[in-house]
Amino acid sequence: MQRTLPFSENRVFVTGNEAVAWAALAAGADIMFGYPITPQNEIMHYWTRLAPAYGKKFLQTEDELSAGFTTIGGVLAGRKAFSATAGPGTVLFQEPVTMAEMMRIPMVVIIQQRGGPSTATVIYSQQEVNLAAFGGNGEGWRVVYSTANHQELYDYTIKAFNVAWTYRFPVFVLGDGYQAKMRESLVMYDPASRGMELAPAEAVVGKPGRPGSSRPAVHLRNAFSVEEELYESIMPGEEEFRSMARRVVEHDEEGTRGAELVIISHGVVSRAAVAAIKRLKEKGIKAGYFRPVTIRPFPEEALQRAVALCPRLLVVESALGQLARLVKEALFNRPVESFDTIFRPGVGITAEELVEAVIKIRQGGTTCV
Amino acid sequence: MAVKLSELTKQRELLTGGHRLCAGCGASVAVRQVLHAVPKDTSVVTCCPTGCLEVSTTIYPYNAWRTGFIHSAFENAASTMSGVETAYRALKKKGKVSGDFRFVVFGGDGGTYDIGFQALSGMLERGHRVLYVCYNNEAYMNTGIQRSGATQLGTWTTTSPYGEQSFGKGQNRKDLTAIAAAHNIPYVGQAAVHNWRDTFTKAGKALQAEGAAFLNILAPCHRGWRYPMEKTIEISKMATEVCIWPLYEVENGKWRLTYRVRNKKPVRDYLKMQGRFAHLFRPENEGVIEQLQEFTDRQWESLLERCGEKA
């Protein structure tokens, strides 16, 4: 049985789902718990084919609630467990993910966003931002990485495992159906060959000895008797989340300095934004681009700095203002007139459309819906 | 109830042609056989959870259903229909709705055996007058052939692949028909698409039942089972002949075989017709077929006993 990756660096041309399966393997994942839903199915398919050769496991459950809770069970037993889902599946994942938040259990879930609400489309959207960041009954103690390309799907899947097992918060990798199904080139690598250390997993149950006498007892709570008891647990948890947030928050920007307009987007849409600002530059228009890589925690300070001197902002997303809500919260003191938006729930956005929109805005028009 | 096929062909189809299910798909055959049993002057409301049947019969702006039709989410068709039926009863009581209605759910095995199981059990226990039909093709075909609780031992699927470490699915299927019967509802039947008369008769009884009814209909899928598309009916028939899918009913607690197998054939004869079992005939997977045979025999013997067929 082969135990190590068959490469240290390997340029490949694969689908996003295949990239995720390899990245999970590279990140040292032990087991995947999954349930069929398009467009993430192939993560399970690739994983089930890869897993046996590397001594890894797979278990298909009867629904996403079960996939989430079996993942938690695997983690409590000391395994690096993960899952993948989409759309209505992400809705069902909220129950296990909030339990992971409350009990501070590391957990990695890949979301390949599809259209919503409900069954909607199996294809694409950016409508799972609210759900990924704040979907549960709680305070949104999750880390959400929004990826834009296959290299990032690979990089951030590995990172997700490390962040989850370092800080013990659930981590979502937020891709989408386009990234899931499209083929693209990327470099897959063995994290060790790049000097990356993988955070170790630790068992909570099933350890030798007797808890409380021969080894320290672990008490992870999910239920509280009185209000104050809960409050006293939430507040230090929030403090730890904020402290972690400062260390994991990430963003990307280009050409924001001196820009007359900054396009704010995330995920795959930001590729259109990057292409658009290049084309605008050729036309002599100075536009910049800003992209939160972590949707949660949101790079509020970086965004404030990047757009402080910029008179106009264009928020673009394949949803009806889910990113814009976070942006407006971060820039709460800006005049409303400085925002333009392109909201296309469930539909892709091209560079050509953005170039056209920016030209229209410069001519005194607006793109707001 | 003597019915002639020639008469059925003249009946108006409640699931029309032009839908986009595959040629040779067992699901549409199952649906049409059930809906033919709807009494005249009775209206039908149908509901599908997400699945091949729903996707392929309701591609916007078309709809192949000549019934009131609800697409529900994946886990909750039985709940949705429970709500419809409850409202119907209330309206009927108040005299706000006239005419006779029947309510039929058509769910695949993923939406019935697995994610929809809780909703189904609730519906059966509460005793809504709804007929729940599972068109059972023994895997999640709509999302790309993943194993389900209905998948037989040793089956290849995309999430139970075979190779050095695996011979395919590692577990036996669950016996959902018997589980439904354990709810002590008026009518439960197990049918298959090759025996139209049997399915039609069972659907008729199920629709007449004064309470919840459940039909589990084997509906072979050539894409997932890997056989030539014209063999759907033949394979369904063989499933019954090898007793891996016996035809029976449980009417008011009374178990009865509705088709007596005269010459029980080995399971092997059924398996070798399908690509999803081809790997079981390789030397490295020796013994799996025997395990499946043993499981089938055990289930069959137990069924014979329940049906009073054993001396």
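Residues numbered from 1 in each chain as written. Chains lettered and ligands numbered in written order. Predicted model: local features only at pLDDT ≥ 70, side-chain atom pairs only at ≥ 80, totals over all residues.

Draft legend 1. Here's a closer look at the overall build of chain A. Looking only at helices and strands, chain A features twelve helices and 14 strands. For 369 residues, the compact-globule estimate of 2.2 N^0.38 gives 21 Å, and chain A sits close to it at 21 Å. Along the three orthogonal principal directions, the C-alpha set of chain A runs to about 75 × 50 × 40 Å. Within chain A, the fraction of its 369 residues that count as buried is 51%. Pairs at least 24 residues apart make up 80% of the contacts formed inside chain A by residues separated by at least 6 positions. (Helix = DSSP H or I, 4+ residues; strand = E, 2+ residues; numbered from the N terminus. Rg over C-alpha atoms; globule rule 2.2 N^0.38 Å. Buried ≥ 20, exposed ≤ 12 C-beta atoms within 10 Å, placed from the backbone. Contact = placed C-beta atoms within 7 Å.)

Draft legend 2. Highlighting the sheet that holds strand E3 (residues 57-60) of chain A. All names here are of chain A. Taken in spatial order, the seven strands of this open sheet run E3-E2-E4-E5-E7-E6-E12, and their pairing is mixed. The sheet is open, and its two edges are formed by E3 and strand E12 (294-296), each paired on a single side. Pairs of neighbouring strands in the sheet enclose a mean axial angle of 25°, with direction left out of account. As judged from the two bridges shared by strand E2 (residues 31-34) and strand E4 (residues 81-85), these two strands associate in the parallel manner. From the neighbouring strand, methionine 32 faces E4, where its bridge partner is phenylalanine 82. The strands touched by helix H4 (residues 88-103) within the sheet are E4, strand E5 (107-113) and strand E7 (170-176), with E5 carrying the most contacts at an inclination of about 160°. (Pairing = 2+ DSSP bridges. Axes fitted to C-alpha atoms, helices over the stretch in contact; angles between N-to-C directions.)

Draft legend 3. Structural context of the pairing of E5(A). All names here are of chain A. Within E5, seven of the seven residues are buried, which leaves the element mostly enclosed by the surrounding structure. In E5, alternate side chains face the same way, and those of Met107, Val109, Ile111 and Gln113 on one face and Val108, Ile110 and Gln112 on the other are all buried. Inspection of the sheet shows E4 paired to E5 by four bridges, in the parallel sense. Bridging from a neighbouring strand, threonine 85 pairs with isoleucine 111 of E5. The parallel pair E4 and E5, bridged by H4, forms a crossover whose chirality is right-handed. (Right-handed = clockwise from strand over helix to strand, strands pointing away.)

Draft legend 4. How the structure looks around helix H11 (residues 322-330) of chain A. Along H11(A), the residues that are buried comprise A:Gln322, A:Leu323, A:Ala324, A:Leu326 and A:Val327. Of the surrounding secondary structure, the elements contacted by the buried residues of H11(A) are helix H5 (129-134), strand E10 (261-264), E12, helix H10 (300-307), strand E13 (312-317) and strand E14 (339-343) of chain A.

Draft legend 5. How the structure looks around the interface of chain B and chain A. Between chain B and chain A, the contact holds 21 residues from the first and 16 residues from the second. Its residues assigned to classes, the side of chain B that touches chain A comprises six nonpolar, eleven polar and four charged. (Nonpolar A, V, L, I, M, F, W, Y, C, P; charged D, E, K, R; others polar.)

Draft legend 6. Layout of the pairing of strand E10 (residues 254-257) of chain B. All names here are of chain B. When strand E9 (residues 248-251) meets E10, the two strands line up antiparallel, connected through four bridges. Bridged to valine 250 within E10 is tryptophan 255. Counting the residues between successive antiparallel strands, the hairpin from E9 to E10 contains two residues, one of them, asparagine 252, with a positive phi of roughly 45°.

Draft legend 7. Examining the domain arrangement of chain A more closely. Residues and elements named next belong to chain A. Assigned domains within chain A: domain 1 (9-194) and domain 2 (252-362). A C-alpha centroid distance of 27 Å is found between domain 1 and domain 2. Contacts between the two partners involve 24 residues from domain 1 and, on the opposite side, 19 residues from domain 2. For the side of domain 1 that touches domain 2, the secondary structure elements donating two or more residues are H5, strand E6 (143-146), E7 and helix H7 (177-181). (Domains from an automatic or database assignment.)

Draft legend 8. Structural detail: the sheet that holds strand E3 (residues 100-108) of chain B. All names here are of chain B. One open sheet accounts for eight strands, arranged E2-E1-E3-E4-E8-E7-E9-E10; its pairing is mixed. Two strands in the sheet have a free side with no partner beyond their single neighbour: strand E2 (68-71) and E10. On average, adjacent strands in this sheet sit at an angle of 15° to one another, irrespective of strand direction. Sheet analysis places strand E4 (residues 131-136) next to strand E8 (residues 213-218), joined by six bridges and oriented parallel. Of the residues in E8, the one forming a bridge with asparagine 136 is leucine 218. The sheet strands contacting helix H2 (residues 26-35) are strand E1 (42-48), E3, E4 and E8, and the helix crosses E4 at an angle near 155°.

Draft legend 9. Fine view of the packing of helix H9 (residues 269-282) of chain A against helix H12 (residues 351-362) of chain A. Residue and element names in this part refer to chain A. The contact between H9 and H12 brings their axes to 8 Å, and the two run at 50°. Comparing their axes, H12 and H9 come out oblique. Here H9 runs over H12; the crossing is right-handed. Note on element contacts: H12 touches H9 through Ala351, Leu354, Val355 and Val358, opposite Ala272, Ala273, Ala275, Ala276, Arg279 and Leu280. For the contact of H9 with H12, the class distribution of residues is nine nonpolar, no polar and one charged. (Parallel < 35°, antiparallel > 145°, perpendicular 65-115°, else oblique. Left-handed = near helix turned anticlockwise from the far one by under 90°.)

Draft legend 10. The environment of A:Arg312, seen in detail. Relative to the helices and strands, A:Arg312 is located in strand E13. Between the C-alpha atom of A:Arg312 and that of A:Val262, which follows or precedes it by 50 residues, the distance is 6.6 Å.

Draft legend 11. Quick look at the environment of A:Glu300. Position of A:Glu300 among the secondary structure elements: in helix H10. Separated by twelve residues in sequence, A:Glu300 and A:Arg312 have C-alpha atoms that sit 17 Å apart.

Draft legend 12. Spotlight on the nonpolar core. Within the largest apolar cluster, 106 residues are counted, with the highest numbers of intra-cluster contacts made by A:Ala23, A:Ala24, A:Val109, A:Val262, A:Ile263, A:Leu314 and A:Leu354. If you tally residues by element for this core, the top one is helix H6 (residues 150-167) of chain A, at ten residues. Here this core spans two domains, and each of domain 1 (9-194) and domain 2 (252-362) of chain A adds at least three residues to it. Ignoring any residue separated from it by four or fewer positions in sequence, one finds A:Ala24 in contact with A:Ala29, A:Met32, A:Trp47, A:Phe82 and A:Thr157. Counting residues in each nonpolar core, the second largest holds 84 residues, with B:Val31, B:Ala37, B:Phe200 and B:Leu303 among its members. (Core = buried A, V, L, I, M, F, W, Y, C linked by C-beta atoms within 7 Å.)

Draft legend 13. Expanded view of H4(A). Residues and elements named next belong to chain A. Here H4 contains 16 residues, and its C-alpha end-to-end distance of 24 Å stays within 8% of the 22 Å for a straight helix at 1.5 Å per residue. Buried within H4 are the following residues: Pro88, Gly89, Thr90, Leu92, Phe93, Pro96, Val97, Thr98, Ala100, Glu101 and Met102. Packing partners of the buried residues in H4 comprise helix H3 (64-76), E4, E5, H5 and E7. Arginine 104 sits one or two residues past H4 and shows a positive phi near 55°. (Expected span 1.5 Å × (residues − 1).)

Draft legend 14. Representation of the packing of helix H1 (residues 16-26) of chain A against helix H2 (residues 41-50) of chain A within the structure. All names here are of chain A. Put simply, H1 and H2 touch, their axes get as near as 8 Å, and they point 45° apart. Here H2 runs oblique to H1, going by the angle between their axes. For the element pair H1 and H2, the recorded crossing hand is right-handed. In this structure, H1 uses Asn17, Glu18, Val20, Ala21, Ala24 and Leu25 to contact H2, whose residues at the interface are Glu42, Ile43, Tyr46, Trp47 and Leu50. Looking at the contact of H1 with H2 residue by residue, the class counts come to eight nonpolar, one polar and two charged.

Draft legend 15. How the structure looks around unusual backbone geometry. At the junction of A:Thr38 and A:Pro39, the peptide bond is cis and its omega measures out at 5° in the coordinates. Along the chain, A:Pro39 falls in the loop between E2 and H2. Here the residue pair A:Arg296 and A:Pro297 is connected by a cis peptide bond, since its omega of -10° sits within 30 degrees of zero. The residue A:Pro297 is located in the loop between E12 and H10 in this model. Here the phi dihedral of A:Arg168 falls at roughly 55°; this positive angle occurs in a residue that is not glycine. One can find A:Arg168 in the loop between H6 and E7. Although it is not a glycine, B:Glu138 sits at a positive phi angle of roughly 60°. By secondary structure assignment, the location of B:Glu138 is in the loop between E4 and strand E5 (162-163). Judged by the 29 C-beta atoms lying within 10 Å of it, B:Glu138 is buried.

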